[in-house]
Amino acid sequence: MFERPRGTNDWGPEDMARRRQVEAAFVRTAESFGFREVGTPMFESLELFTAKSGPTIVNELYAFKDRSGRDVALRPEFTASILRFYVADLRSRPKPVKVYCAGPAFRYEEPQKGRYREFYQLNAEIIGGAPLPSDAETLALAIGTMRAIGLKQVRARIGHLGMLRSYLPFGPPDQAAILHALDKKDFAALGAELDRLGRSDLGGPLRDLVGLSGDTLVLEKAQEILEGTGTEAFEYLRKLSEHLHGYGVDPSDFTFDMGVVRGLDYYTGMVFEIDSPNLGAEKQVGGGGAYSLAEIFGGEPVQQTGFALGLDRLVLAAEAEGVLPPSKALDAFVVPIGDGMRDRALEVLAMLRAAGFRADVDLVGRGPSKNLDHANALGARHAILVGEREWKGGSVAVRDMVTGAQREVSRKTLVEGLRSALSR
Ligand code: HAM
């Protein structure tokens, strides 16, 4: 017997139906916002990710050499691939470029509930817009997707990495080390880094700063701690909150949180994370913000902002809140009454399938009563009984599998009759 690789999942039909429902809510919402779908490879050259994604992701890569000795890696996320694609091709399109994609991503992590080595992201990026409207649109799409799924408990925490970066008087590698310690709220590591850099005086203010969360009052407190640096960032976040009101985002859906630092190195401006409070340890269903990758990949400086939601976690959240409608079973199971009627049953089956119904027929050779049991076990809404007597009269018998009621229906009106029965 073979076992699944650690951190991967098999998804049964009911699981897949729920995953598709959640993905469809994202696709519907993204399309309604004017985003277009793109696709990128599932593996890329290793360098694409080591260039700027940061140690959190790089240490978790599925990286290997291909048969020609090239270093490649399975994608741990979409953003780097989309920005590579943007610089090579999409940049000739009218700005802003608004794109989305959905698919599996791979990270070598310690698996637990909601944290897998193969997981599925719903990702959107806006490239080449003005900062404030693009950031607001990004957040509105992320929150709007969660609402479209039916989730009631949505909590976006919004921070600003530009503010933190301008407060840290260090070059990029040292800044990254401090930011990683802050992201993990690892104050021992933070203290050690600041000691090494001879700036242990920054430890207190930084700890106070990342502990701040709440409404716009938080921004004033943060401004006091930073004593003048980062003023623009606070004004920006105030305006962002006004934009979000304009989108109709409920004020209770988001808070400001100066502790949102993010684990990826490419962020430069507004950053956010979204939690679904029901989920326990792996409650972060999404994250994103404004970043700069195009420049690193050889493109001109341009505003870049986006997010990814984790589909696996969204489904867990939707299950915990009980908001996903049960997946639809078969519309009709066609039952030939007697061996001689099988071809006639196939005719009816073909007609129903062509009309767009989910219709099935026995492939095992069961008799009529076993077939009805089977239709019941499948949860079919109707059984269509094709018998010689009815056929000669131009009709079939339709049994409602929920009520058990059975009636004769002309084959000419069967499609219409089923359609109106199923819409009830
Ligand atoms: P991220 O925060 O690394 O951001 O991942 C986004 C979401 O993917 C997480 O919030 C989580 O729901 C899900 N996720 C991440 N790792 C796992 C895992 N091992 N198992 C299950 N779910 C997981 C990014 O990936 C950025 N590229 C987002 C972005 C787009 N920023 C700008 N544009």
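Residues numbered from 1 in each chain as written. Predicted model: local features only at pLDDT ≥ 70, side-chain atom pairs only at ≥ 80, totals over all residues. Heavy atoms only, no water.

A. Representation of the packing of aromatic side chains within the structure. A full pass over the atoms with the stated rule returns seven aromatic pairs. With centroids separated by 6.5 Å and ring planes inclined at 85 degrees, the aromatic side chains of Phe-26 and Phe-307 adopt a geometry described as edge-to-face. One end of the pair, Phe-26, is in helix α1 (residues 13–32); the other, Phe-307, is in strand β12 (residues 304–310), and 281 residues separate them in sequence. Given the relative accessible area of 0%, Phe-26 is considered buried. Members of the aromatic cluster, joined through ring pairs, are Phe-26, Tyr-100 and Phe-307. The aromatic ring of Trp-11 is capped on one face by Arg-19, whose charged end is 4.0 Å from the ring centroid. Residue placement shows Arg-117 over the ring face of Tyr-108; its charged tip is 3.9 Å from the ring centre. (Phe/Tyr/Trp six-rings, centres within 6.5 Å; stacked < 30°, edge-to-face > 60°. Helix = DSSP H or I, 4+ residues; strand = E, 2+ residues; numbered from the N terminus. Buried < 20%, exposed > 50% of the residue type's maximum accessible area, 1.4 Å probe, protein only. Lys NZ or Arg CZ within 6 Å of the ring centre and 35° of its normal.)

B. Just unusual backbone geometry, in detail. In the segment running from Lys-95 into Pro-96, the intervening peptide bond is cis, with an omega of -5 degrees. Its identity as a non-glycine residue notwithstanding, Lys-185 has a phi of 50 degrees, on the positive side. By secondary structure assignment, the location of Lys-185 is in the loop between α7 (172–183) and α8 (187–196). Residue Lys-185 is classed as partly exposed on the basis of its relative accessible area, which comes to 37%.

C. Here's a closer look at the site of the ligand. In the region of the ligand, 26 residues are neighbours, and Glu-77, Thr-79, Glu-109, Tyr-116 and Tyr-267 sit closest. A distance of 2.4 Å separates a nitrogen atom of the ligand from a polar side-chain atom of Glu-77. Within the side chain of Tyr-266, a nitrogen or oxygen atom sits 3.0 Å from a nitrogen atom of the ligand. In isolation the ligand offers 660 Å² of accessible surface; the protein chains occlude 96% of this area. Elements represented by at least two residues in the shell around the ligand include exactly β6 (118–127), β11 (284–291) and β12. For the shell around the ligand, the element with the highest residue contribution is β11, accounting for six residues. (Near = heavy atom within 4 Å. Polar contact = N/O pair within 3.5 Å; in protein donor to acceptor, adjacent residues only side chain to side chain. Areas by Shrake-Rupley, 256 points an atom, 1.4 Å probe, with all protein chains shown as cover.)

D. Spotlight on the side chain of Arg-19. Turning to its location among the elements, Arg-19 is positioned in helix α1. Ignoring sequence-local partners within four residues, the contact set of Arg-19 consists of Trp-11, Tyr-120, Leu-311, Asp-312 and Val-315. (Contact = heavy atoms within 4.5 Å.)

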